[in-house]
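One letter stands for each residue in the lines below.
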Amino acid sequence: MNNQNKKDHRRRSFVLSLYRALKGFGRVSPMLLGVILLFGLVRTFVTNQMIASVFTGNSFLETLIGAGIGSISAGNPVISYVIGGELLKGGASLFAVTSFIVAWVTVGIVQFPAEASILGKRFATIRNILSFVLSILVSVATVTTLEVIR
């Protein structure tokens, strides 16, 4: 392959990658916009004091609360980052937000009936319980590692 062909190939690859990225962003942007608008509405009614009252400062309890909220929530994993950022701004601890995000992605209470019917009730139950417990352990390990690094 000569230099001109290499340049043309790189240019085509770049344009194709850019097209795919914009297409993916176009698919996700309505969800992100909806969540941002919903959080704007929620933030007018839910104050930082209300969020701080739920998250008491007890790291273990906050981790459980975050994992519990993440377990019963459903949605695109990207959305969990937006929600996690808002929770951090509202006074939730990094333990709570990390366990929330991990549980959001791994535990599926909302999807449980479908999962149980396809994979079996026992499997779905064990997987969800393990995912819940591991979301707590991953949260503790992640935040502890971050504190050591700082």
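A brief report on the enclosed structure follows.

Analysis parameters
- Residues numbered from 1 in each chain as written.
- Predicted model: local features only at pLDDT ≥ 70, side-chain atom pairs only at ≥ 80, totals over all residues.
- Heavy atoms only, no water.
- Axes fitted to C-alpha atoms, helices over the stretch in contact; angles between N-to-C directions.
- Helix = DSSP H or I, 4+ residues; strand = E, 2+ residues; numbered from the N terminus.
- Parallel < 35°, antiparallel > 145°, perpendicular 65-115°, else oblique.
- Left-handed = near helix turned anticlockwise from the far one by under 90°.
- Contact = heavy atoms within 4.5 Å.
- 1 Å grid on protein atoms, 1.4 Å probe; cavity = no way out; pocket = protein on both sides within 12 Å on 5 of 7 lines; lining within 4 Å.
- Points joined across faces, edges and corners; volume = space filled by probe spheres on them.
- Polar contact = N/O pair within 3.5 Å; in protein donor to acceptor, adjacent residues only side chain to side chain.
- Expected span 1.5 Å × (residues − 1).
- Buried < 20%, exposed > 50% of the residue type's maximum accessible area, 1.4 Å probe, protein only.
- Core = buried A, V, L, I, M, F, W, Y, C linked by side-chain atoms within 4.5 Å.

### Regarding the packing of helix H3 (residues 59-72) against helix H5 (residues 94-106)
So, step 1. The geometry of H3 relative to H5 is characterised by a closest axis approach of 7 Å and an angle of 30 degrees between their N-to-C directions. With respect to H5, the axis of H3 lies roughly parallel. Considering how the two elements wind past one another, H3 and H5 form a crossing that is right-handed. On the side of H3, the interface is formed by Ser59, Glu62, Thr63, Gly66, Ala67, Ile69, Gly70 and Ser71, while H5 contributes Phe95, Ala96, Ser99, Phe100, Ala103 and Trp104.

### Section: the layout of surface pockets
Leftover empty space is mapped by rolling, across the atoms, a probe with the size of a water molecule.
So, step 1. Quantified by volume, the largest pocket comes out at close to 160 Å³.
So, step 2. Taken together, 11 residues make up the lining of the largest pocket; nearest its centre are Phe55, Ile69, Ile83, Leu87 and Phe100.
So, step 3. At the level of secondary structure, the elements contributing two or more residues to the lining of the largest pocket comprise helix H2 (48-54), helix H4 (77-90) and H5.
So, step 4. Counting residues per element, the lining of the largest pocket draws most heavily on H2, at three residues.

### Quick look at the side chain of Ser73
So, step 1. Tracing the backbone shows Ser73 in the loop between H3 and H4.
So, step 2. In this structure the side chain of Ser73 is engaged in a polar contact, spanning 2.6 Å, whose partner is the backbone oxygen of Ile69.
So, step 3. Discounting residues that sit within four places of it in the chain, Ser73 has contacts with Phe100 and Trp104.

### Thoughts on H5
So, step 1. In this model H5 runs 18 Å from its N-terminal to its C-terminal C-alpha over 13 residues, within 8% of the 18 Å that 1.5 Å per residue would give.
So, step 2. Among all positions in H5, only Phe95, Ala96, Val97, Thr98, Ser99, Phe100, Ile101, Ala103 and Trp104 are buried.

### Brief notes about the nonpolar core
In summary, soluble globular proteins display a tendency toward joint burial of nonpolar side chains.
So, step 1. Residues Phe55, Ile79, Ile83, Leu87, Ala92 and Phe100 are the most contacted members of the largest nonpolar core, which totals 14 residues.
So, step 2. Only helix H1 (3-45), H4 and H5 provide two or more residues apiece to this core.
So, step 3. A per-element tally of this core places H5 first, with five residues.

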